[in-house]
Every structure is written in C-alpha cells, then in structure tokens.
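What follows is the residue order along each chain.
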Amino acid sequence: MKEIRGVVKKETLEIGEILARDMDGCEVKVNGAVHTIRDMGEVAFIVLRKREGLLQCVWEDGVSEFHIKDIREASTVEFTGFVRKEERAPQGFEIRVKSARILSEPAEPMPLQISKRKLNTSLEAKLNYRPVSLRNTYERAKFRLQEGLTRGFRDFLYGQGFTEIHTPKIGAKSAEGGANVFTLEYFHKPAILQQSPQFYKQMMVGVYDRVFETAPVFRAEKHNTKRHLNEYTSLDFEMGYIDSFEDIMGMETGYLQYTMDLLAREYAADLEILGIRKLPRTDVIPQVRFDEAKQMVAEKYDRQFRNPYDLEPEEEHLIGELFREDYGADFVFVTHYPSKKRPFYAMDDPEDKTYTLSFDLLYSGLEITTGGQRIHNYHELLAKMAERGMETEGMESYLDTFKYGMPPHGGLGIGLERMTMQLTGEENVREVTLFPRDLSRLTP
C-alpha cells in the first residue's frame, strides 16, 4: 500500500533555503520561469522568476549540457548546477548551470516586456494582459505590500482577541441604503450584492464581542474616477464594550503601527523595488472635528466648498496637505460627521444631534476608512429609522439582534485598494487592484 504523506518532500531548493544553508560550491536543483535572457556569446545570464524574487543562473558554452537557444523567455525550467557567491547577482549568489529540464514553453511571444523594471505601457494594456503584466517585478511588489496590509490586519486583530468571520455577499437588504446596489434574481426572488458586511458584523458582536472580516463589497455607483471601484476589498472590524468611538480609532492606530513595522521587517525587498524609502508616520495620528477641518482649510487655502454635509475630494486633499505641513502627519482622523450624511445606525452625538460619533481616516489626503460608534439600544434604533422614514420590513433579523440586548459597540471598514494606492504612490486605484471591476471592465 502506498503511503500518503502530509507534506511533499521537495528535491528543488528555494532561494531562502540556499541562503540559509550557505551552500556556496554545492550542487543544487532549482526551478522557475525564465524572466529574461542576456546572451553574451560564450556566456549567457538566464534570470529565473520565483516567488521569492529573481534568481540569476549562468549558462556557459562547453560547460552547460544544452544550447542556450534551447531556452526561451517565459518557459518554465528546472536547472541543476552549482551555487557560487556573486555580490552583483540579485540574491548575492548565482547558479552555474550544468543541465536543464524544460517543463513548459510559451505558445506565442510575450505581449509585454515584463523584464523591464517598470512596464512601459498604458494602464489599459496592463489590465488587458493582467495575468502577464503581473509577472513584472514592479507590478508584483505592489501586491506583495497589499498582502502585508491584509496580513497585518489579521495578525494584529487576532492578537487583540478578535474572531474572524465570513458573512454572505448575497442579501435581501442593503446595510447602507440608497439606490447604489447591484440587484439580481435569486431563485425568482429579488436580491442584492452587499455594499458592506455591516449588519452581520454587528450581529456577531453579540456572539463574540470582537469580530473582523476581509472580503469584497459591491457598489453600483456610476463613478469613473481614479479612486472608485465597483468591487473592492474591505477590511472590517466591529468591537463591543467600548467607552467611546475613540476606542475604534485607537484600535485602527494600533493596526497601522503594527503593520508598518511588519512591512519594514518582512517586505523590505518589495519596498526597495517600488522605491519606497519611508513608510508613513503612525506614532501619533491627530484628530479634528469635521466642521473644524472645513474651517481650517477655508482659512488657510482661501477656499470655500459647497457641500456642508461631506468633504469633497479636493477638501480631503487640502486637509491632508494642511496636517502634513503643520503637524508632519501622514494620517488624520476627521471626526463628528453630520448625521445627515451617516447611515441610520450611526450614533448621534448626545451634545449635538446634528453630528455623529463617527470618523473618517484620511491618508495623504484620501479617505481610506469610515467608522464610528453604533446605536445599540433597540428603541433608539427604531426611532432613528422612523425619523428617516425607513421601513423595518426585511430587517427583522437585524433588529432582533438589538431587541434581545447588545453592548455598546462600534467598528470600521478600510478600503484595501485605496490604502495600497496611497502607500505605493499610484494615482489610479486600478493600478493596485488585481482584476478591477468598474463601469467598463468585467474581464479578465
């Protein structure tokens, strides 16, 4: 009887394994995709692309047991050769190749020059050939940092006693309200794609006290801007037994501090590829009231804005500029948004009910987070809904959560792609979205 083992033993070695073992002079077997070939005649440099980065291999005429013309760019190969220290190589060593086994070959030439440091092509071309463009090391590094942002979120919240949950994305009712929802037929019944996990994560506070989720959300907004998507990834958490909405801001500050340290320690190579020399400051994040922020911007920049209930994109940008120039801050919490702008479940400020105990976090002048304290009293929630002319039909399960008792709680949602865009300095959120969904793009 054949024994099935839990972990497959590998014959080939990874870059980290070779570095850790100090294998200079040893014979090894490695595999990867041929990223580029530099043929110098009697010597050729074959650079392999691996999950850990680029690995330089050297073909030598009369030494390697195959001809360099047998190897094509974009092929996947397995090389056997000897490790040699080489400071000029990407990893500080190279493989002097003895023999090769070709695992696969491309059917056609590459449509993009992925071996360049940055792709010299349009965003449209990059998105049309997304599975190929992402093989470029610069493009790949952006999504490694995005992984770090998500990993930091998970790891930090696990450490703070949060439970990870997974909520449905098909529902009967939207948490946000309004008309900007995608509708679909669900077994002959109307349904929508969820704009937010808000209802469900509040329900689960009554079960686990602290919960979080990383998942897609859907907005049927007809925006065609550099900062909007119709599907994006939201990092959400909700926590109970809070004293005020500042507890939520404190938890997010802790996440940011933890994650920037994680990026500096474990994603240094990706930061270097992207030319990011300095991560944003997280030691102190200032906070300012919504109405005061508007006034500060109006006075400093001699600008007046028409919307009294929200911040226009230019206002957000100027608030970011003001706090960077005057306080050296990359992040700023804008608090106490008008009640008219916030959803029905947002708790009003008891001192002035025209405002809420809520906030946005701006990162270099762009909103990346919305959060705040929620109404936890059943009768207050019903009164707020009645005040807004809302029907309770279809929301019975949500309201039952509060009917049978809930602690003071609050939470937030972070836009992962927007946060990555600001971190990498990109100007269009599609640059940091694996497969964007917007008004015009439904493939790949």
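Presented here is an overview of the structure given in this document. For every chain, the first residue of the written sequence is number 1, and numbering continues from 1 along that sequence. Given that the model is predicted, a residue must reach a pLDDT of at least 70 before its local features are reported, and side-chain atom pairs must reach 80 or more before they are shown or counted; all residues, however, enter totals for whole chains, interfaces and linings. As a convention, hydrogens and water are excluded, and side-chain values are obtained from all of the structure's heavy atoms.

**Quick look at the environment of Arg441**
Reasoning step 1: We count a stretch as a helix when DSSP gives it H or I for four or more residues in a row; a strand needs E for two or more, and each element gets its number in order from the N terminus. Counting through the fold element by element, Arg441 comes out in the segment after helix 12 (416–424).
Reasoning step 2: For Arg441, a relative accessible area of 8% translates into the label buried.
Reasoning step 3: Throughout, a residue-residue contact means that at least one pair of heavy atoms, one from each residue, lies within 4.5 Å. Setting aside chain neighbours within four positions, we find Arg441 in contact with Glu124, Leu127, Asn128 and Pro436.
Reasoning step 4: What qualifies as a polar contact is a pair of N or O atoms within 3.5 Å, subject to a donor-acceptor requirement within protein and to the restriction that residues adjacent in sequence count only when both atoms come from side chains. One polar contact links Arg441 to Asn128, side chain to side chain, over a distance of 3.0 Å.
Reasoning step 5: Polar contacts involving the side chain of Arg441 include one to the main-chain carbonyl oxygen of Thr443, which spans 3.1 Å. For the exposure calls, accessible area comes from a 1.4 Å probe over protein chains only, and a residue counts as buried if that area is under 20% of its type's maximum, exposed if over 50%, partly exposed in between.

**Digging into the pattern of salt bridges**
Reasoning step 1: By definition, a salt bridge exists where a carboxyl oxygen of Asp or Glu is found within 4 Å of a side-chain nitrogen of Lys or Arg. Applying the stated rule across the entire model yields 42 salt bridges.
Reasoning step 2: In this structure, Asp283 and Arg281 form a salt bridge, with 2.8 Å as the shortest nitrogen-oxygen distance.
Reasoning step 3: For Arg324, the salt bridge identified is with Glu321, shortest N-O distance 3.0 Å. Taken together, the residues span about one helical turn, with Arg324 and Glu321 both in helix 9 (residues 313–327) at a distance of three residues.
Reasoning step 4: Among the ionic contacts, a cluster of salt bridges with common partners joins Lys126, Arg130, Glu139, Lys142, Glu426 and Glu431.

**Remarks on the sheet that holds strand 16 (residues 358–363)**
Reasoning step 1: Read from one edge of the open sheet, eight strands run 6-10-11-18-17-16-13-12, paired in mixed fashion. For this open sheet the edge positions go to strand 6 (163–164) and strand 12 (287–289), each flanked by a neighbour on one side alone.
Reasoning step 2: With three bridges connecting them, strand 12 and strand 13 (residues 331–335) associate as parallel partners. The residue of strand 13 that forms the bridge with Gln287 is Phe333.
Reasoning step 3: Helix-sheet contacts for helix 5 (residues 198–208) involve strand 6, strand 10 (210–218), strand 11 (231–240) and strand 18 (409–415), and the interaxial angle to strand 11 is about 30°. Should DSSP find at least two bridges between two strands, the strands are regarded as paired. Where helices are involved, their axes are fitted lines through C-alpha atoms of the stretch in contact, as for all axes, and angles between N-to-C directions lie from 0 to 180°.

**Observations regarding the state of the cysteines**
Reasoning step 1: Throughout, a disulfide means two cysteine sulfur atoms within 2.5 Å of one another. One pass over the full model with this rule turns up zero disulfides.
Reasoning step 2: Not part of a disulfide, Cys26 finds its nearest cysteine sulfur in Cys57, a span of 16 Å.

**Quick look at the nonpolar core**
Reasoning step 1: Ranked by size, the top nonpolar core spans 55 residues in total, and within it Phe237, Tyr255, Tyr398 and Met419 carry the most contacts.
Reasoning step 2: Per-element accounting of this core gives the leading share, eight residues, to helix 6 (residues 246–266).
Reasoning step 3: In this structure Phe237 touches Phe153, Leu157, Phe162, Lys201, Val211, Phe212, Ile248, Met251, Glu252, Gly410, Gly411 and Leu412, once residues within four positions along its chain are discounted.
Reasoning step 4: In terms of nonpolar packing, the next biggest core, distinct from the first, is built from 22 residues, Val34, Leu55, Ile71 and Phe93 among them. Here the nonpolar core consists of buried residues drawn from Ala, Val, Leu, Ile, Met, Phe, Trp, Tyr and Cys, with membership extended through side-chain atoms lying within 4.5 Å.

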